[in-house]
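What follows is the residue order along each chain.
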Amino acid sequence: MERCGLGTYGAVYRAVAIQGSSRPVALKLALHPGDERFAREVELLSRIHHPSVPRLLDHGSWLQPGALPHPYLVMEWVEGVSLYEWAHVRRPTSRQVLHALANLARALAATHAAGGVHRDVKGDNVLVRAEDGRVFLTDFGSGHYVGAATLTSPPFPPGTPPYRSPEAWRSVQLPWRASTPPYAPGPADDVFALGMTAYRLVTGDYPPTPAPMDAESRVWSLEGPGPQPVRAVNVRCCAELSELVSRMLSVRPEARGSARELAKALEHAARKAGPQADVPLFDREGAQSEDAEVAHRHDVPRATGRLLPSWLVAASLGGAVALGAGWLLSAQPGEEAEPRHASAPDDGKDGGTVAVGDTALTAPVPVVRKPSAWSSIAVEPFPKPIPGQVRPDATGRCPGKEQVPINGGCWVKLAISVKDCDEDYYVYKGACYGPAIRKAPPSTSSPAADAGHDIP
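Residues numbered from 1 in each chain as written. Predicted model: local features only at pLDDT ≥ 70, side-chain atom pairs only at ≥ 80, totals over all residues. Heavy atoms only, no water.

## Digging into helix α7 (residues 239–248)
Part 1 of the argument: Among the residues of α7, L241, S242, L244, V245 and M248 are the ones counted as buried. Mapping the buried residues of α7 onto a view down its axis gives an arc of 170°, with all of them on the same face.
Part 2 of the argument: On its buried face, α7 is in contact with α3 (94–113), α5 (187–203), α6 (230–233) and α8 (259–272). (Buried < 20%, exposed > 50% of the residue type's maximum accessible area, 1.4 Å probe, protein only. Helix = DSSP H or I, 4+ residues; strand = E, 2+ residues; numbered from the N terminus. Arc of directions from axis to C-beta. Contact = heavy atoms within 4.5 Å.)

Shown next, in the form of C-alpha cells:
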C-alpha cells in the first residue's frame, strides 16, 4: 500500500494480503540479497509470544525476475507513535509511565526466557498503539539468541551508544586489537537500555553517556555514583518511578535485577504510589518545570555535545578500518547536532541508528511516485553531514584525494563489501562509504590525540 520508511538493512511497507483479511500488516523487505539478519530475526520472533511484541505472521524470499532473492518478513501492524512522541503529545503521569515500563519489562522477560536479547531497546523501538495505549517492543533486527551465528564485527554488536551499558564500554580496551573477544550483551544490558529509555522519557534528555570519550563518563565507573535521579531533573516525577529508573541504571549489572523482577517492582509501584504519581510529567508546552530550557529539551529532544553519532563512536573503536586516536576526539568542542524531534524521519533520531526498519513505522516517508516493494532496493538514502565531518569547499570539492562530496559532506569509499557495510557506515551506489572527519584539535593531555588525518 505504501512504503513507511527505510532503515539501514531494510524497508518497511504497510501492506495487505492479496487474499484473505484486509487488515494491514507490516512487510519488512531486506535491502541486500541473502541477508542473514532476517533469518535470525525470524527465529527469535518465532520463540517470543507476548502481547507487547508484534506477532510474526509470515516470512520468505522476495523474487524479482533477473535478481537475487531478498528475504522478507511480515508482522502484525501497530497503528501508533513512538514512545517519546507519545509522551510529548499525551503528557503522561508517573503512574502511566510505570505501567508502560512494566509492559516493556514483561516483553523483555519473555525475550530473555526464550534465550534471546533485544540489544537495541530505545524509545524509537517502542510503539504506543493509538486505540488502547498498549506499548509494543519492536525491531528485533539487532537481536540475538543462544546459538545464533555472529554477523557483525567486534568490538560491539549492533546497538545505539547512549543506551549501551557501562560494562559494555568498560570491556573495550584502546587501542583495539582484532584478537580481543567481542563483548556479548546479556539481559542486564537490555534492562540498562530500558532504564536509559525511561530517563529520556521523563527528562527529555540523556544523562552523561558511559562512552569513555565522554569527560563525564566517570559517573559510570564501578566506584561512581551513576547519573543524578530523574526526580532531580523533573520534580514532577514521583519518588517510586525515580527510584526504579535509578535501579535500572545501576553501575553494577547485578543490582538492576532481572526484567521479570523489574516488571513486578514497576507494577507494584504503579498500584501503591501516592497522588504525586497522578501529576502530569509535562505541562501543555512540554515542560517538566518552570525552567524554560528544560521545557525546550523535552519539546525537541536533542543530541547534546557530549554524544557522538552511533556509527562514529562504533567505528572509532574498531571494525573494517584501522582508526587513529584523532577519530575518537573528532567532534569539535561545543558542536551539537541540529536539534531534531525524536520521531523525525532522518538519521539523527534516537541516538543515531535505525536497525532493520521497524522504527520507520513512526516516521512516514513521502512517496513521490507509485510505491513498489522493489523500489526500496533501488533507493539508497544518504544522511546529512555530522558534527566534525569534512565539508566541500565553495566549488563543491573535498580536500582529500579519496573524498567524495555527497549530500553536503565529504565521504570516503571503503574497501569492504556491501554485505559487510553495517549500520556504522552507509551504502551508496553499490559501495560502502564512511564519513571523512576533521583532524582533532591538539590535546593538552595526550599527545596521541594529535595522531591521524581525515579518515572515514
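## Some details on the state of the cysteines
Part 1 of the argument: Across all of its chains, the model carries one disulfide by this definition.
Part 2 of the argument: There is no disulfide at C237, and the cysteine sulfur nearest it, in C238, is 5.3 Å away.
Part 3 of the argument: For C237, a relative accessible area of 0% puts it in the buried group. (Disulfide = S-S within 2.5 Å.)

## Quick notes on α8
Part 1 of the argument: Given a rise of 1.5 Å per residue, 14 residues ought to cover 20 Å, and the 20 Å separating the end C-alpha atoms of α8 matches this to within 8%.
Part 2 of the argument: All of the buried residues in α8 are A259, L262, A263, A265, L266, A269 and A270. One side of α8 carries all its buried residues, which in axial view fall inside an arc of 165°. Counted as exposed and oriented over 90 degrees from the buried face of α8: R260, R271 and K272.
Part 3 of the argument: Considering only its buried residues, α8 is in contact with α3, α5 and α7. (Expected span 1.5 Å × (residues − 1).)

## Some thoughts on the pairing of strand β1 (residues 2–6)
Note on strand geometry: in a regular strand, side chains alternate between the two faces of the sheet.
Part 1 of the argument: For β1, a buried count of four out of five residues is recorded, marking the element as mostly surrounded by other parts of the structure.
Part 2 of the argument: Linking β1 to strand β2 (residues 10–15), which pair antiparallel, is a turn of three residues. (Pairing = 2+ DSSP bridges.)

## Things to note about the sheet that holds strand β13 (residues 426–428)
Part 1 of the argument: Ordered in space as β11-β12-β14-β13, the four strands form an open sheet in which the pairing is antiparallel. Two strands in the sheet have a free side with no partner beyond their single neighbour: β11 (403–406) and β13. Ignoring which end each strand starts from, the neighbouring axes of this sheet average 50° apart. (Axes fitted to C-alpha atoms, helices over the stretch in contact; angles between N-to-C directions.)

## Remarks on unusual backbone geometry
Part 1 of the argument: Unusually for a residue other than glycine, R91 sits at a positive phi of about 50°.
Part 2 of the argument: Mapped onto the elements of the fold, R91 is located in the loop between α2 (83–90) and α3.
Part 3 of the argument: Its identity is not glycine, yet N407 carries a phi of approximately 50°, on the positive side.
Part 4 of the argument: Note on placement: N407 falls in the loop between β11 and β12 (409–413).

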